[in-house]
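Chain by chain, the residues:
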Amino acid sequence: MTTENRTNLGQLIGTIAKHPNKNFIVENDCFYETELIIPRLSGNEDRIPITIPEKLMTSELKAGDKVALQGEYRSYNKPGQLHSKLVLHFLVQEFLPLESVNPNQCNMLELTGFVCKKPVYRVTPFNREICDVLLAVNRPRKGDRGFTKSDYIPCIMWGKNARLMRDTLVGSKLTLTGRIQSREYLKRLEDGSEQTRVAYEVSCNTISLESDSDAAKVRVPEAEEELG
């Protein structure tokens, strides 16, 4: 997986969960959505929402197909009744030949971005150190446009990486590697009832933090979306 001059690059190998459905159109380009099932070593599995541009779609692609994908982990705002929700998905940019990829590298992601909210550090009842970080990853500029869109990616650090990130300033630049994971959780609603939801985040393996001495001078996009 070549990462030169890329701030957002991932490789996924898994099984198509359901037939892709045409979902939305952006600037006259159609996109299809489905989920990719990726098994973990623990026996559990991650179900990652993926988006496929129409130009990459083939009529043969169906549920149960095993595929290798390269692309970027993206986010967008989905309007709601009270507030918008941050939706995460893997944008497919290339289908890779299965014989050309390492089957042990079935879920890999590398991101470079800026910390855009104060990191949240905590210790679990099992004494595991965890730190939640929201990373703003800028997309490359297109043509002469005077702005850059950003993707907001929730990341989770463990152990010594969690300790390193807990006091990191907003605006600090960070490069990380990890995997995309899905997990179910219970959301308590205003009426007191509970609803099962799915959260998506990047579980980090390695992090490289640039000096944050000038972080307060760095302007990063504000993230006000609901993550759950």
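These numbers were taken from a predicted model, which means no experiment stands behind them.

Asks: Explain the overall build of the protein to me, please; I cannot follow it from the model alone.
Replies: Helix and strand content of the protein: one helix and 12 strands. Each helix and strand of the protein, placed in order from N terminus to C terminus, yields the pattern β-β-β-β-β-β-β-β-β-β-α-β-β. Relative to its full complement of 228 residues, the protein shows a buried share of 42%. The long-range share in the protein, meaning contacts at least 24 apart out of those at least 6 apart in sequence, stands at 62%.

Asks: Looking at this structure, how should I read the confidence of the model for the protein?
Replies: One rule of thumb: low pLDDT means the predicted coordinates there are not for detailed reading. Of the residues in the protein, 87% reach a pLDDT of 70 or more, and the chain-wide mean stands at 87. When pLDDT is averaged over each element of the protein, strand 1 (residues 8-16) comes out on top at 97 and strand 2 (residues 21-26) at the bottom at 80. Considering only residues more than four positions removed or in separate chains, one finds that residues 224-228, a stretch of pLDDT under 50, has 17 contacts.

Asks: Would you explain the side chain of Glu-72 in this entry?
Replies: Locating Glu-72 in the fold gives a position in strand 5 (residues 66-78). Polar contacts involving the side chain of Glu-72 include one to the side chain of Arg-6, which spans 3.3 Å. The contact partners of Glu-72, leaving out residues within four places of it in the chain, are Arg-6, Asn-8, His-89, Phe-90, Leu-91 and Gln-93.

Asks: Any chance you could explain unusual backbone geometry here in plain terms?
Replies: Positive phi is not limited to glycine here, since Asn-127 has a value of about 65°. With respect to the helices, strands and loops of the structure, Asn-127 is situated in the loop between strand 8 (120-123) and strand 9 (129-138). With relative accessibility at 64%, the residue Asn-127 sits in the exposed group.

Asks: Help me understand the pairing of strand 1, please; the structure alone is not making it clear to me.
Replies: Successive side chains on a regular strand alternate, one facing one side of the sheet and the next facing the other. Burial within strand 1 is extensive, with eight of its nine residues counted as buried. Judged from the six bridges that link them, strand 1 and strand 5 form a sheet pairing that is antiparallel. If you follow Gly-10 over to strand 5, its bridge partner there is Gly-71.

Asks: What is the right way to read the environment of Gly-64 from this model?
Replies: Here Gly-64 is to be found in the loop between strand 4 (45-53) and strand 5. Given a relative accessible area of 52%, Gly-64 falls into the exposed group. Through-space distance from the C-alpha of Gly-64 to that of Leu-36 is 9.6 Å; in sequence the pair is 28 residues apart. Apart from residues no more than four positions distant in its own chain, Gly-64 is found in contact with Thr-15 and Ile-16.

Asks: When you look at the pattern of salt bridges in this model, what are you seeing that I'm missing?
Replies: Charged atoms that come close allow side chains of opposite charge to pair. Going through the model one piece at a time under the given rule, you end up with 15 salt bridges. Here Arg-188 ties to Glu-194 by a salt bridge, and the two come within 3.1 Å at their closest N and O atoms. Ionic contacts of the salt-bridge type, sharing partners, join the residues Arg-6, Glu-72, Arg-74, Arg-139 and Asp-151 into one network.

Asks: How do you make sense of the packing of aromatic side chains when you look at a structure like this?
Replies: The description of an aromatic ring pair rests on the distance of the ring centres and on the angle between the ring planes. Under the criterion given, the structure shown has zero aromatic pairs. Between Arg-166 and the ring centre of Tyr-121, over which it is positioned, the NZ or CZ distance is 4.9 Å.

Asks: Explain the nonpolar core to me, please; I cannot follow it from the model alone.
Replies: As a rule of thumb, soluble globular proteins bury nonpolar side chains together. Membership of the largest hydrophobic core comes to 40 residues, with the highest contact counts inside it found for Tyr-73, Phe-90, Met-157, Leu-176 and Val-202. Setting aside its immediate chain neighbours within four residues, Leu-176 contacts Leu-109, Glu-110, Leu-111, Leu-135, Cys-155, Met-157, Val-202, Cys-204, Thr-206 and Ile-207. Within the second largest apolar cluster, five residues are counted, among which are Leu-86, Cys-116, Ala-136 and Tyr-152.

Asks: How should I be thinking about the pairing of strand 12 (residues 194-209) in this particular structure?
Replies: With two bridges joining them, strand 10 (residues 150-158) and strand 12 adopt parallel strand pairing. Looking across to strand 12, one finds that Ile-156 is bridged to Ser-203. Pairing of strand 11 (residues 173-188) with strand 12, which is carried by 15 bridges, proceeds in the antiparallel orientation. Counted as the bridge partner of Ser-182 is Tyr-200 from strand 12. In textbook terms, the turn of a hairpin is the stretch between consecutive antiparallel strands, and for strand 11 and strand 12 this stretch comprises five residues, one of which, Gly-192, has a positive phi near 90°.

The rules behind the values
Residues numbered from 1 in each chain as written. Predicted model: local features only at pLDDT ≥ 70, side-chain atom pairs only at ≥ 80, totals over all residues. Heavy atoms only, no water. Helix = DSSP H or I, 4+ residues; strand = E, 2+ residues; numbered from the N terminus. Buried < 20%, exposed > 50% of the residue type's maximum accessible area, 1.4 Å probe, protein only. Contact = heavy atoms within 4.5 Å. pLDDT = per-residue confidence, 0-100. Polar contact = N/O pair within 3.5 Å; in protein donor to acceptor, adjacent residues only side chain to side chain. Pairing = 2+ DSSP bridges. Salt bridge = Lys/Arg side-chain N within 4 Å of Asp/Glu carboxyl O. Phe/Tyr/Trp six-rings, centres within 6.5 Å; stacked < 30°, edge-to-face > 60°. Lys NZ or Arg CZ within 6 Å of the ring centre and 35° of its normal. Core = buried A, V, L, I, M, F, W, Y, C linked by side-chain atoms within 4.5 Å.

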